[in-house]
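Chain residues, written in single-letter form:
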Amino acid sequence: MIIRTVCGYDFFEVSSAMQKAIRRADTGVAGFFALELWASGYRDYVWKRLFTISAEDCYGIITKEIEALWQGHELVNKTATEPKGRIFVSKAVILLCECRKNRDADHLQNFIYDRKDIDIEKWINDVRRYPIPIPDYTFDVHTRKGKKHGRTKEEFFQEEYKALQPRVPGLFDDLVQPSQPKFFNDETTAK
């Protein structure tokens, strides 16, 4: 039995076309088929697919954006008598089409875990044989070794500020500068 959408498409072909169009950043095709699923009463399914696509095909933290849009969709439908909120599906499709693509998560589970393309035991044994040294920057005022060596909070703030890569300007950068230690024992803040 073939499940049909409102315009007569095969349900599974629509789902496949939507995902493959998103991979190719073909927003018009992806959006049409996403809304076709939505209009056909498969609202939960289309969201499930969009979440999956965000994990399988997209780079970065786009899944949080899709979740926020889904929450908006759920909110407008909470008391609705007729389905509402297809704008949230549209926005999700646009974001997924525009974001950078990467199949690492899918490759990790299918190649690394399922097919065992990497000899994990060999890798673990190599790590045990040649352990990675803990970097010196680890030992700051928050560790026993750092405290033992007299590391201070002032050093921590300055060194970690300098280490930020890539760094964007912050609201309180001026408080971290060595010439202005406003955050330690400043008599004006103690009053």
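Up top is the structure these notes are about.
Residue positions are given per chain, counting from 1 as you read along its sequence in written order. Totals for whole chains, interfaces and linings use every residue, but because this is a predicted model, local features are given only for residues with pLDDT of at least 70 and side-chain atom pairs only at 80 or more, for both listing and counting. Each side-chain value is derived from all of the structure's non-hydrogen atoms; neither hydrogens nor water enter the calculation.

S.K.: I'd like a description of the overall build of the protein, backed by residues and values.
M.R.: Tallying secondary structure elements over the protein gives 10 helices and 0 strands in all. Taken from N to C terminus, the helices and strands of the protein fall in the order α-α-α-α-α-α-α-α-α-α. Think of it in three bands: residues with accessible area under 20% of the maximum for their type are buried, residues over 50% are exposed, and the middle band is partly exposed, with areas taken using a 1.4 Å probe on protein chains only. Among the 191 residues that make up the protein, the fraction classed as buried is 25%. Nonlocal contacts in the protein, meaning residues at least 24 apart in sequence, comprise 54% of its contacts between residues at least 6 apart. Where accessible areas are quoted, they stem from the Shrake-Rupley method and a 1.4 Å probe; at the residue level, only the protein chains shown are allowed to cover. Carbon together with sulfur atoms contributes 57% to the accessible area of the protein, which is approximately 14000 Å² in total. Secondary structure counts use DSSP, requiring at least four H or I residues in a row for a helix and at least two E residues in a row for a strand, with both numbered from the N terminus. Contacts between residues were defined by any pair of non-hydrogen atoms, one from each residue, lying within 4.5 Å.

S.K.: How would you summarise the nonpolar core if you had to cite specific residues and measurements?
M.R.: Nonpolar side chains tend toward joint burial in soluble globular proteins. Here, the term nonpolar core denotes a set of buried Ala, Val, Leu, Ile, Met, Phe, Trp, Tyr and Cys residues that are joined through side-chain atoms within 4.5 Å. Residues Met18, Ile22, Val46, Trp47, Leu50, Val89 and Leu96 are the most contacted members of the largest nonpolar core, which totals 24 residues. Discounting chain neighbours no more than four positions away, the residues touching Ile22 are Ala30, Leu50, Ile53, Leu96, Cys97 and Lys101.

S.K.: Describe the pattern of salt bridges, naming the residues involved and giving the relevant values.
M.R.: Here, a salt bridge means any Lys or Arg side-chain nitrogen found within 4 Å of an Asp or Glu carboxyl oxygen. All chains considered together, the criterion is met by 7 salt bridges. Notably, a salt bridge pairs Arg23 with Glu56, separated by 4.0 Å at the nearest N-O pair. Here Glu56 lies in helix α3 (residues 43-56) and Arg23 lies in helix α1 (residues 11-23), a separation of 33 residues in the sequence. Classification of Arg23 as partly exposed rests on a relative accessible area of 29%. Between Arg23 and Asp57 there is a salt bridge, and its shortest N-O distance comes to 2.7 Å. Of the two residues, Arg23 sits in helix α1 while Asp57 sits in the loop between α3 and α4 (62-77), which places them 34 residues apart along the sequence.

S.K.: I'd love a proper account of the packing of aromatic side chains, names of residues and values included.
M.R.: Note on aromatic pairs: the rings of Phe, Tyr and Trp (six-membered ring only in Trp) are paired at centre separations within 6.5 Å, and the planes decide the class, stacked below 30 degrees, edge-to-face beyond 60, tilted for the rest. Under the definition given, this model contains 8 aromatic pairs. Here Phe11 and Tyr45 contribute two aromatic rings whose centre-to-centre distance is 4.7 Å and whose plane-to-plane angle is 55 degrees, an arrangement assigned as tilted. Of the two residues, Phe11 is situated in helix α1 and Tyr45 in helix α3; the sequence distance between them amounts to 34 residues. Whether a charge sits over a ring comes down to the Lys NZ or Arg CZ being within 6 Å of the ring centre and within 35 degrees of the ring normal. Geometry around Trp38 places Arg43 over its ring, the cationic atom sitting 5.7 Å from the centre. When the ring centre of Phe139 is taken as origin, the NZ or CZ atom of Lys145, which lies over that ring, is 4.5 Å away.

S.K.: Can you tell me about unusual backbone geometry, naming the residues and giving the values?
M.R.: Phi at Ala25 is positive, roughly 60 degrees, even though this residue is not glycine. The topology assignment puts Ala25 in the loop between α1 and α2 (27-39). With relative accessibility at 42%, the residue Ala25 sits in the partly exposed group.

S.K.: An account of the state of the cysteines is needed here, citing residue identities and associated values.
M.R.: In what follows, a disulfide is any cysteine sulfur pair within 2.5 Å. Counted under the stated rule, the structure contains 0 disulfides. As a non-bridged cysteine, Cys58 has Cys99 as the owner of its nearest cysteine sulfur, 3.4 Å distant.

S.K.: Describe the environment of Ala163, with residues and values.
M.R.: By secondary structure assignment, the location of Ala163 is in helix α9 (residues 153-163). Residues Ala163 and Tyr137, spaced 26 residues apart in sequence, show a C-alpha to C-alpha distance of 9.7 Å.

Spatial relationships are all this shows, so hold off on functional conclusions.
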